[in-house]
Amino acid sequence: MTGSESNVASTGRRPLVELRDVDKHFGALHVLRSVDLTVGEGEVVVVIGPSGSGKSTLCRTINRLETIDSGRITLDGRELPAEGKELAKLRADVGMVFQSFNLFAHKTVRDNVTLGPVKARGKSAAEARKKADELLERVGVANQADKYPAQLSGGQQQRVAIARALAMEPKVMLFDEPTSALDPEMINEVLDVMISLAKSGMTMIVVTHEMGFARRAADRVVFMADGQILEDAEPEQFFTAPRHERSKDFLSKILTH
Amino acid sequence: MEFLTEHFDDFVNGFFRSLSIALWGAVGSLLLGTLLAVFRVSPIPVLQGFGAAYVTLVRNTPLTVLLFGMAFGVPGLGINASFYLFGVVTLILYTAAFVCEAIRSGIATVPIGQAEAARAIGLTFGQSLGLVILPQAMRSVVPPVGSVIIAMIKNSAVVGAAGVGSDLFSVYKRMTSALGYAPLPVLTAVAVAFLIMTLSTGALLALAERRMAVAR
């Protein structure tokens, strides 16, 4: 894959996340095959592909929720450390939004957002609370701050999850199918937050099936199948003139209705 | 019922002695049991192995064997303490194995996504466990741990029988052998005293369960 590198070079961005020759197996299944990917600072990269293509796994390797068998992953020039305090520190710099929200069920919305800043960053409770309330305002759930996650709709929960990740002031945000578990009428409220985040200059890696989001907010679309990156292109080019047979096939299947 | 009116003070003292065995036993076994559970779910193989070996060994040994092992074995190592202390420590060591497994089952009920989210915001393993996993595990742990603690309160009678002295079981022995009262009424009184402890523990557990159910 040379597409990613040439793209970054052409836009002149400083590389923030780099994957080199990354391989991973789940037992006999080869989920990532020699994956190379570079994401520049401020870049929004959408990863799409059929289910089982390895896109979620790829996303999760970047903050080492999945370990890799071989290859190199660097964040801001530093290789991911092994499990321990160093890795925890690095994860604090990488925001992650999950398909199933994963808000802390025993904590209020506000406490979900302040937990990381207070415990992992050592901020004062007052400072964290102020920041949390700003972020909850920004994602439009300020009036839910004292509720528990189970009392919120899916769309609200996912927006809280975004606020929780942003509270860490991350260098990069990972989104692992953030709208796949949502009822259709709630998808847009989450995508709107993500689009405004993209416009604010946040570096984002987004695994999604939302082609509208890819077209509107992505700088690049990465297409994966069978654990490989088959295509890495600008959204317009990818959607109108996909180069790879598998991309064409995939697009024809999802865009027909 | 003459034994009760004549020796009520003995009963009260016996009750408080047994209660103190039970209380220290509960506090100690909850702490040690939680620590063992943390060992068993930790990513460090040595701790995992220790936790698993401890549970296997202690859970499968009769309490009386442990008690006599402590009482006869430990002084041989040059450590001397009262029977009371030996009794309480043995009870803690024994009960902790069961508490550990009950808490571990509670940890397994917390969705894996909670731990992933905790790690993703930069919490260390200890913080994830202490701030996110255990507080949620505790909800589902209250009923099984409660059963373990109630069983432990009753086991404190076994500890008493091994010779702690002046607890309810010692009172029973003195009443029936030295003072010659009929066993059945005295035994009934002892049973009632234990019921006071176990039933109030049960009530506390029900309260704890209700409090935790609200907070979600």
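Look up: the structure comes first, before these words.
Bear in mind the structure is a predicted one, so any value in this text is a computation, not a measurement.

**Q** Explain the overall build of chain A here, please?
**A** A count of helical and extended segments in chain A gives 10 helices and 10 strands. Relative to a compact globule of 257 residues, whose C-alpha radius of gyration would be 18 Å, chain A shows 18 Å and is just as compact. Based on the C-alpha atoms only, the size of chain A along its principal axes is roughly 50 × 45 × 40 Å. Within chain A, the fraction of its 257 residues that count as buried is 56%. Residue pairs at least 24 apart in sequence account for 67% of intrachain contacts in chain A once pairs closer than 6 positions are excluded. Counting every atom, chain A has about 10,700 Å² of accessible surface; 46% of that belongs to carbon and sulfur.

**Q** Sorry if this is basic, but what is going on with the packing of helix H5 (residues 83–109) of chain B against helix H7 (residues 125–164) of chain B here?
**A** Residue and element names in this part refer to chain B. H7 packs onto H5 with a crossing angle of 155 degrees between their chain directions and a minimal axis gap of 8 Å. One element, H5, and the other, H7, form an angle in the roughly antiparallel class. Of the two elements, H5 crosses H7, and the hand of that crossing is right-handed. Looking at side-chain class alone, the contact of H5 with H7 contains 20 nonpolar, 8 polar and no charged residues.

**Q** For this particular structure, what's the right way to read H7(B)?
**A** In an α-helix, one turn spans 3.6 residues; hence positions three or four apart end up facing the same way. With 40 residues, H7(B) should cover 58 Å at 1.5 Å per step; its first-to-last C-alpha distance of 41 Å lies more than 12% under that length. Positive backbone phi, approximately 90 degrees, marks B:Gly165, located one or two places after H7(B).

**Q** Even after reading the chapter, I still don't get the side chain of B:Ser128, so can you show me in this structure?
**A** Assignment of secondary structure puts B:Ser128 in helix H7. For B:Ser128, the residues in contact, after removing those within four places along its chain, are B:Ala118, B:Arg119, B:Leu123 and B:Ile133.

**Q** Even after reading the chapter, I still don't get helix H4 (residues 63–73) of chain B, so can you show me in this structure?
**A** Residue and element names in this part refer to chain B. Regarding H4, the residues found buried are Leu 63, Leu 67, Met 70 and Ala 71. Taken down its axis, H4 places every buried residue within 95 degrees of arc, on the same side. Taken together, the buried residues of H4 touch H5 and H7.

What counts, and at which threshold
- Residues numbered from 1 in each chain as written.
- Chains lettered and ligands numbered in written order.
- Predicted model: local features only at pLDDT ≥ 70, side-chain atom pairs only at ≥ 80, totals over all residues.
- Heavy atoms only, no water.
- Helix = DSSP H or I, 4+ residues; strand = E, 2+ residues; numbered from the N terminus.
- Rg over C-alpha atoms; globule rule 2.2 N^0.38 Å.
- Buried < 20%, exposed > 50% of the residue type's maximum accessible area, 1.4 Å probe, protein only.
- Contact = heavy atoms within 4.5 Å.
- Areas by Shrake-Rupley, 256 points an atom, 1.4 Å probe, with all protein chains shown as cover.
- Axes fitted to C-alpha atoms, helices over the stretch in contact; angles between N-to-C directions.
- Parallel < 35°, antiparallel > 145°, perpendicular 65-115°, else oblique.
- Left-handed = near helix turned anticlockwise from the far one by under 90°.
- Nonpolar A, V, L, I, M, F, W, Y, C, P; charged D, E, K, R; others polar.
- Expected span 1.5 Å × (residues − 1).
- Arc of directions from axis to C-beta.

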